[in-house]
Each structure stands twice: as structure tokens, then as C-alpha cells.
Amino acid sequence: MTASAAIALYTGLNALIILALIGQVIVHRRREKITLGDGGFPPLTRAIRAHANATEIAPIALIGLIAMAMANAPIWAIHVGGLSLTLGRVLHAFGLSRDEGASFGRMAGMILSLTALFWIGGTCIWVAL
């Protein structure tokens, strides 16, 4: 697999994750007839936050993966960042969407996502120097 193909894979997977999270928000809004905000409906609040968290983290990480590839980072380093990001986003979305408060998915997802950002950021700096 080339670096470009790896980035396409992780971009595609994270786009589908975000699409699924958008779908959750839409389902809750239609079911509860809430057009703006969360209407004080906790499942919609969680769905909105799961979507927002993904859109806060995934774009900068994916940009970082592109930068890694452009700077000729090793393919395995791109996979470490991409896999950590993607698995982290899935776990976090599942944990936040299902449980109110702390959960394994939410905690593990954030740890993996933050690890991915640290890895990607550090690798970008390493390959740039």
C-alpha cells in the first residue's frame, strides 16, 4: 500500500464515521421534532457532542497524515497514526452515543485519538527536520 492509498483509506473511514454521526443527529431531531439545539433531550445532546468531537479531531489529524506522506514519512508511521485515529473515533463515538457520563469507549477513544494527534504531530516535526 502506498502512502497516498493509506491516507485515502483513513480519510474514507473517518468520513463514513462522521456521516454515521450526522445520521444519528438527524434521527434524533426528526423523532423528537427538535430543529435547533438539543431541546433538553439527552440522547440528542450526546449525538451532537459525538459528531462535534469527531469534527474537531479528525480533520487536523487527516491533514497531518497528508503532511507526513508529503514529507516521506515511513508508511508504517502513517498507519500507526491512521489506525489510532480511526479506532479512537469509533470507540469514542460509540461510548458517547450510548452512555451518559464516563464509559470505557469514551475514555479509550479519547486516549487513542489524543495519542494519534501526538504521534502525527511528532512525526510531522521529525520528518520535517
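Residues numbered from 1 in each chain as written. Predicted model: local features only at pLDDT ≥ 70, side-chain atom pairs only at ≥ 80, totals over all residues. Heavy atoms only, no water.

### Details of helix α2 (residues 42–70)
What sets the pattern is the α-helix's 3.6 residues per turn: residues three or four places apart point alike. Taking 1.5 Å as the rise per residue, α2 with 29 residues should run 42 Å; its terminal C-alpha atoms sit 42 Å apart, in good agreement. Of the residues trailing α2, N72 is marked for its positive phi of about 65°. (Helix = DSSP H or I, 4+ residues; strand = E, 2+ residues; numbered from the N terminus. Expected span 1.5 Å × (residues − 1).)

### Description of the nonpolar core
With 16 residues, the main nonpolar core has L65, M68, I78, L85 and I120 as its most contacted residues. Contributions of two or more residues to this core are made by α1 (3–32), α2, α3 (75–98) and α4 (104–128). Tallying contributions element by element places α2 first for this core, with 6 residues. Each residue touching M68, except ones within four places of it in the same chain, is listed here: A73, A77, I78, W119, I120, T123 and C124. Judged by nonpolar contacts, the second largest core, of 8 residues, contains I17, A54, A58 and A93. (Core = buried A, V, L, I, M, F, W, Y, C linked by side-chain atoms within 4.5 Å. Buried < 20%, exposed > 50% of the residue type's maximum accessible area, 1.4 Å probe, protein only. Contact = heavy atoms within 4.5 Å.)

### What about the pattern of salt bridges?
Taken as a whole, this structure holds 1 salt bridge when the rule is applied. Among the ionic pairs, E56 bridges to R49, the shortest N-O distance being 3.4 Å. (Salt bridge = Lys/Arg side-chain N within 4 Å of Asp/Glu carboxyl O.)

### Some points on the side chain of R46
Tracing the backbone shows R46 in helix α2. Assessed through its relative accessible area of 14%, R46 is described here as buried. Apart from the residues lying within four places of it in its own chain, the contact partners of R46 are L96, S97, R98, D99 and E100.

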